[in-house]
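Structural overview
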Amino acid sequence: MEYNYVVVGAGMAGATAARALAEAGKKVLVIEKNDHIAGHCHDYKNTDGITVHTYGPHIFHTNDKDAWEWANRFTNFIYYQHRVLSYAHGRYIPFPINRDTIAELFGTELSINEVQQFLQDEIEHSSFELPLANFRDAVVSQVGETLYQTFFENYTRKQWGRDPEELSADLAKRIPVRNNRDDRYFSDVYQGIPAAGYTGMISNMLDHPEITVQLQSDYLKVRSTMSPEMTVYTGEIDRFFDYCFGKLEYRSLRLEFRTYEQKQYQRAAVVNYPNDYDWTRITEFKQLSGEISDRTTLCFEYPSAEGEPYYIVPDDRNSAMRDEYMEKAAELEAAGTHLFIGRLAEYTYYNMDQVITATLQKINKLL
Ligand code: UDP
């Protein structure tokens, strides 16, 4: 069979690209290295009837109506608003920082205006440099040193294995700070967990007469035998170019799954552990899906330099190297032979919805 398009990777980026191309009448071959689809979004129902996220917790959230509508074509979503507690000073404290965080931590009930003043005072008693050039200074400039040290400093060291001063200020944009009592992790308009699971959602995306999926097949080992009109690549960008500018760093996690003989383990779906223990957070999956079971399955996350590439590492060295690779990628994109899409291929700390948005934009432009 002849394919016009080869899509490398069957994760969110690859499946979205494949579907959009197939709907435009292209014949698409999806090549996936792993023995399953859905990439790092992969999930499955375990024997206790609990949906487990194979590569750690994924919560879909977006303000982009198009991305939301795209996702909803392939699954219904369970209504879910993500809430996180952070374990600090022996207490479970609402996080990200909002009025109730301050009330719980300092024992002071403040009005919204007072919260603003409180944070202002904290910031004024703290030191940071302008313009904001790293993660530490970006956070301290928003909440001051005490809150930074309580919730961010050690978590960030654990998660990234380096000083927060070495990480990009942009990383701080992922975590909001609020004066009000909104204790949700995300304030996006659309949020939820796919009722079909992420695997079901991606499977539905790939279920199209013009799409063929080939699992357990490493594109970089077979690429010399292929000559499609175009290749959409969603794997690691440095690997694609044979590491010609050097190795980009990726951060991984060792995930420990435990099932306990109890209905509920913790007070929120996710509890962060900035200062205690070697794990960064514990997820209790049934609290994401609302599934009922006498037992409960948890995921403990231990950050690691080795293993599956889950995260890019947002520091100066990597972003400079990324720019070099992206320049090379842009040349191939301009020539019309390749597209590079997704967290690994764009070396960008995308959320799932951003992957969909970026993919649809690139594919629609192409078509
Ligand atoms: N972060 C932190 N403390 C927390 C949660 C997050 O310091 O309790 C920092 C940390 O550097 C983390 C980043 O914010 O890597 C982004 O957090 P997010 O929850 O978005 O990470 P993800 O869910 O992508 O692992």
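The structure under discussion appears in the preceding block.
First, a word on what this report is: a plain description of the structure on this page. (Residues numbered from 1 in each chain as written. Predicted model: local features only at pLDDT ≥ 70, side-chain atom pairs only at ≥ 80, totals over all residues. Heavy atoms only, no water.)

Focus: the sheet that holds strand β8 (residues 91-95)
Reading across from one edge, β8-β7-β13-β14-β15-β12-β16 is the order of the seven strands in this open sheet, with mixed pairing throughout. The outermost strands of the open sheet, each flanked by one partner alone, are β8 and β16 (311-312). Bridge count for strand β14 (residues 281-284) against strand β15 (residues 296-304) is four bridges, and the pairing is antiparallel. Opposite Glu284, over in β15, you have Leu298 as the bridge partner. Sheet contacts for helix α6 (residues 145-160): β7 (84-88), β8, β12 (250-260), β13 (270-272), β14, β15 and β16; angle to β12, the most-contacted strand, approximately 105°. (Pairing = 2+ DSSP bridges. Helix = DSSP H or I, 4+ residues; strand = E, 2+ residues; numbered from the N terminus. Contact = heavy atoms within 4.5 Å. Axes fitted to C-alpha atoms, helices over the stretch in contact; angles between N-to-C directions.)

Quick word on α6
Here α6 spans only 20 Å end to end across 16 residues, well under the 22 Å set by a 1.5 Å rise per residue. Of all the bends in α6, the largest measures some 40° and sits at Phe152. All of the buried residues along α6 are Leu147, Tyr148, Thr150, Phe151, Phe152, Glu153, Tyr155, Thr156, Lys158, Gln159 and Trp160. Following α6 by one or two positions, Gly161 has its phi on the positive side, about 65°. (Expected span 1.5 Å × (residues − 1). Bend = angle between axes of the 7 residues up to and from the residue. Buried < 20%, exposed > 50% of the residue type's maximum accessible area, 1.4 Å probe, protein only.)

Observations regarding the pattern of salt bridges
Here the structure, examined in full by the defined rule, presents 32 salt bridges. Two residues, Asp315 and Arg162, come together in a salt bridge whose shortest N-O distance is 2.7 Å. With Asp315 in the loop between β16 and α11 (316-335) and Arg162 in the loop between α6 and β9 (190-194), this residue pair connects regions lying 153 residues apart in the sequence. Just as Asp315 is buried, Arg162 falls in that class too. Taking the shortest distance from any N to any O, the salt bridge between Glu301 and Arg281 comes out at 2.7 Å. Placement of Glu301 in strand β15 and of Arg281 in strand β14 is noted, with a sequence separation of 20 residues between them. The exposure classification of Glu301 matches that of Arg281, with both residues buried. (Salt bridge = Lys/Arg side-chain N within 4 Å of Asp/Glu carboxyl O.)

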